[in-house]
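One letter stands for each residue in the lines below.
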Amino acid sequence: MMNNTQKTLPEFVRAAAEDAIAKVNDFTDGKPLFTLAMITDVHTGGNDRYHQLAYLDGVYERYPFDLMVNLGDIGLDFSGDRTLETDEVRKDILAHTREGMNPVHPWLYAKGNHDRVLPRAELTAVLNKNSSPALNGVVFGTPLCDYGYVDFPAKKFRFIVLDTSDNDEGIHFTFSKEQLAWLIGVLTEIPAGYRVILGSHVCLDKAIGKWRSYPDDGEGTCFSAVRSMLHDFANHLSGEDRETGLSWDFRDSGAKLLCALAGDSHFNADINRDGVRVIIRQGYGGVSDSEMPEWATKDPFDYHTCVNFDILAVREDGAAKLFRVGAGAGERDLTV
């Protein structure tokens, strides 16, 4: 998987990446069918954590992945110094994020709830607009590039990126009916034999992603419909959602739902609920011990000396495993 790099990585990044890649190679016998790298909740917010994006991009130059995913909350919110809440600072953060997500490499972005302070025309359209050439054709659901999918035909994979803050009105968590209808079509027409991975900022299974003081997270418009839809897709069933009047039929589907990846919660958690595997990864945001559910874990670290990425590797026989790069390495590795 190695090739020559054009970037100089800090030693702590290089060492963590080499350790994780060695595990990937051992798991896949050096010939993975599919690899995905993800980063989430960078929360720059006036600091220089945007360098973490460039670090992951630099890792790609040594160990090329099929896809890299940024699952949102890039750092447009400011919980401390309110003087930083200016359009100029936000545009600077967006520019740094775009630079870190090198458009000549296969990056996709999922909108975070804290990213909603910028309209999609300035956010998802900017961060995703150059993705199609690098990925040989992303099919976006709207011209704003806020949700879409990309196929890897030779490997029979489809990655679907969703917008869990699907509005320009500042609402934290919501799906539009239009996105839901689009998703039904995308899941219905997927070729037989494909494996499907979804990426979103907010966890699609609210029961494992919520903080103790925010019990309603993941209960926005159409979230229950998405959960019902994924259950039926995973189990090859038909169904409907009375709230939207939409229906679906996956009884003849020959595709398999591998997992749904998410950030937002700032902790690690996962569940397999009747065939729907949902996985949350910690990222760089903070969460107090009092907010942590009993099933979750977190790994405190200093972003100046440590990273927090994840690599999903799939073998030829279909076995899949998630490997932590950096904080929690080994302990947070997870069979999918």
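Definitions and limits used
Residues numbered from 1 in each chain as written. Predicted model: local features only at pLDDT ≥ 70, side-chain atom pairs only at ≥ 80, totals over all residues. Heavy atoms only, no water. Pairing = 2+ DSSP bridges. Helix = DSSP H or I, 4+ residues; strand = E, 2+ residues; numbered from the N terminus. Phe/Tyr/Trp six-rings, centres within 6.5 Å; stacked < 30°, edge-to-face > 60°. Buried < 20%, exposed > 50% of the residue type's maximum accessible area, 1.4 Å probe, protein only. Axes fitted to C-alpha atoms, helices over the stretch in contact; angles between N-to-C directions. Parallel < 35°, antiparallel > 145°, perpendicular 65-115°, else oblique. Left-handed = near helix turned anticlockwise from the far one by under 90°. Contact = heavy atoms within 4.5 Å. Nonpolar A, V, L, I, M, F, W, Y, C, P; charged D, E, K, R; others polar.

Asker: Can you explain the sheet that holds strand 1 (residues 34–39)? Please cite residues and give values.
Answerer: Strand pairing within a sheet occurs via backbone hydrogen bonds; the two strands may be parallel or antiparallel. Reading across from one edge, 3-2-1-13-14-15 is the order of the six strands in this open sheet, with mixed pairing throughout. Bordering the open sheet on either side are strand 3 (107–109) and strand 15 (334–335), each of which pairs with just one other strand. Pairing of strand 1 with strand 2 (residues 67–70), which is carried by four bridges, proceeds in the parallel orientation. Among the inter-strand pairings, Leu 36 is bridged to a residue of strand 2, identified as Leu 67.

Asker: Please give an account of the packing of aromatic side chains that cites residues and values.
Answerer: This model, assessed by the stated rule, comprises ten aromatic pairs. Ring geometry for Phe 27 against Phe 323: centres 5.9 Å apart, planes inclined by 65°, an arrangement best described as edge-to-face. Taken as a pair, Phe 27 in helix 1 (residues 11–28) and Phe 323 in strand 14 (residues 320–326) lie far apart in primary sequence, 296 residues in all. For Phe 27, a relative accessible area of 18% corresponds to the buried category. For Phe 323, a relative accessible area of 2% puts it in the buried group. Their ring planes at 10° and their centres at 4.3 Å tell us that Phe 34 and Phe 157 sit as a pair that is stacked. Note that Phe 34 is positioned in strand 1 and Phe 157 in strand 6 (residues 157–161), a separation of 123 residues in sequence. The burial state of Phe 34 is the same as that of Phe 157; both residues are buried.

Asker: How would you summarise the packing of helix 1 against helix 2 (residues 51–62) if you had to cite specific residues and measurements?
Answerer: The N-to-C vectors of helix 1 and helix 2 enclose an angle of 50°; their axes lie 11 Å apart at closest approach. Judged by the inter-axis angle, helix 1 sits oblique to helix 2. Remark: the crossing between helix 1 and helix 2 carries right-handed chirality. Contacts from Phe 12, Val 13, Arg 14 and Ala 17 of helix 1 reach helix 2 at Tyr 55, Val 59 and Arg 62. Tallied by class, residues from the contact of helix 1 with helix 2 come to five nonpolar, no polar and two charged.

Asker: So what's going on with the packing of helix 6 (residues 177–188) against helix 8 (residues 223–234)? Which residues, and what values?
Answerer: Helix 8 packs onto helix 6 with a crossing angle of 5° between their chain directions and a minimal axis gap of 11 Å. Compared by their axis directions, helix 6 and helix 8 come out roughly parallel. Side by side, helix 6 and helix 8 meet where Leu 180, Leu 183, Ile 184 and Leu 187 of the first sit next to Ala 225, Val 226, Met 229, Leu 230 and Phe 233 of the second. Taken together, the residues that form the contact of helix 6 with helix 8 break down as nine nonpolar, no polar and no charged.

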